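# Notes for the structure review
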Amino acid sequence: MHDSDAEYRTPSVASTSHPSLIDLQDLQLDDARALLEHAGQDSGQASDEPPLAYLQRVINGLCELSLKDPLTGLGNRRHFIATLERAIEVVARSGESILLLLLDIDHFKHINDTHGHLAGDQVLQAVAACLGHCVRPMDTVVRYGGEEFAMILPNCRPNCGRAVAERVRRTIESLSIPATPLVNLHVTISIGGAYAPEWVRSTTDLWIERADQQLYRAKADGRNQVFLDLPHEISVSAEEKGLLFGHFVMDQAATTPDSAPDGAGPGGHSTHRVNA
C-alpha cells in the first residue's frame, strides 16, 4: 500500500491504544460469574489472562452448564435431543446398531410423599451416579425429566441389548440409598428401549415414542421390568439384496446358477439375514 493510502486506512486493533476490542468493564458478567461459581467453576480472570481468552472461557463454561442437569450433573434434555439427532445420522449412514433406553424410577411419588423431597433428591442423585457407572465412555446418560432418565448406547447389537438393560436394572435394584441417618432406601426402575431403524433417517420423536411405548409396557407389567423393541429379522433373496444395496453387494452365487450354495433356499436361491 502506498504511503498516501495509509491515512485512509481504518486503524487495526494493534495500532490503537487499547489492547483489545472488548473492555470487560463494559460487560455485565456478574450473573454469568455467579452461575459458574455455583457450579464449582473458576469464574475469575487470571492476572496474565487476555480479555478475549477469559471471555471465551466464560462462554464455554456457560455452554457446558446449558447442557447439564443441575441436580444430578448428568446431561439434560437439550443435550439428550442433540445427541439423539447425531445418532440418527450415524444410523442412516452406517447402519450401526444404537439402542435408546428410557428408565423411570418406580413409585417415586411415594418416596417424596413419605420421606420428603430432600430424600427424593438424594434418590435422584444416587440413581444418576449409579447409571453413570453402568455405561461405557462412548455412551450417553441424561436426566430426561423428573424421575426419568435416558441412555443412548451406540454399537450395541440387538443380541446384547437386553443383557445390558437387565444389568442396569439389577444394579439399581441392589442400590442402598441413605435418606436419613437411620433410613436407607431401596428403589427399582422400569426400562423401555428401542433400536433406531438401520439405514433409515428416522426422527427423534418417533424413536422416543417407540422406547416410551416399551416403558409403558414395563410399568403395566408390574414395574421393575425391561421391555425392548428389537429390530425385526427378515429373510431376503440374493436378488432382493442386490436391489437393496446395489453395487455394494457382489453376490458370487448369482454367477453359478448350476450349483446351489450352502444355505440355499427353495429353488436354489440363496437367502441372507439382515436387520430391518
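Note that this is a predicted model, so its numbers are computed, not measured.

### A few points about unusual backbone geometry
Even without being a glycine, asparagine 155 presents a positive backbone phi close to 50 degrees. On the secondary structure map, asparagine 155 appears in the loop between β3 (148-153) and α7 (158-173). What makes asparagine 155 partly exposed here is its relative accessible area of 49%. At tryptophan 199, a position not held by glycine, the phi torsion is positive, near 65 degrees. Judged by relative accessible area, tryptophan 199 falls into the partly exposed class, the value being 47%.

### Re helix α8 (residues 204-220)
The α-helix advances 3.6 residues per turn, and as a result positions three or four apart in sequence lie on the same side. Between its terminal C-alpha atoms α8 stretches 24 Å, which fits the 24 Å expected from 17 residues at 1.5 Å a residue. Restricting attention to buried positions, one finds in α8 the residues Thr204, Trp207, Ile208, Ala211, Gln214, Leu215, Ala218 and Lys219. All buried residues of α8 lie within an arc of 150 degrees about the axis, which places them on one face of the element. Set apart from the buried face of α8 by more than 90 degrees, the exposed residues are Asp205, Tyr216 and Ala220. Those residues of α8 that are buried lie in contact with α4 (77-94), β1 (99-105), β2 (140-145), β3, β6 (189-195) and β7 (226-229).

### Re the layout of surface pockets
Taken as a whole, the largest pocket encloses approximately 320 Å³ of empty space. In terms of lining residues, the largest pocket is bounded by Leu35, His38, Ala39, Gln41, Leu62, Glu64, Leu65, Ser66, Lys68, Asp69, Pro70 and Gly73. Of all the elements in the fold, those that place two or more residues in the lining of the largest pocket are α2 (30-38) and α3 (51-66). Sorting elements by how many residues they give to the lining of the largest pocket places α3 first, with four residues. By residue class, the composition of the lining of the largest pocket is five nonpolar, four polar and three charged.

### What to know about the pairing of β1
β1 sits mainly inside the fold: seven of its seven residues count as buried. Across the two faces of β1 the burial is the same, with Leu99, Leu101, Leu103 and Ile105 and Leu100, Leu102 and Asp104 all buried. Relative to β3, β1 runs antiparallel, the two sharing six bridges. Within the sheet, the bridge partner assigned to leucine 100 lies in β3 and is isoleucine 152. Sheet topology places β1 next to β6; seven bridges connect them, and they run antiparallel. Across the sheet, residue leucine 99 finds its bridge partner in β6, namely tyrosine 195.

Calculation rules
- Residues numbered from 1 in each chain as written.
- Predicted model: local features only at pLDDT ≥ 70, side-chain atom pairs only at ≥ 80, totals over all residues.
- Heavy atoms only, no water.
- Helix = DSSP H or I, 4+ residues; strand = E, 2+ residues; numbered from the N terminus.
- Buried < 20%, exposed > 50% of the residue type's maximum accessible area, 1.4 Å probe, protein only.
- Expected span 1.5 Å × (residues − 1).
- Arc of directions from axis to C-beta.
- Contact = heavy atoms within 4.5 Å.
- 1 Å grid on protein atoms, 1.4 Å probe; cavity = no way out; pocket = protein on both sides within 12 Å on 5 of 7 lines; lining within 4 Å.
- Points joined across faces, edges and corners; volume = space filled by probe spheres on them.
- Nonpolar A, V, L, I, M, F, W, Y, C, P; charged D, E, K, R; others polar.
- Pairing = 2+ DSSP bridges.

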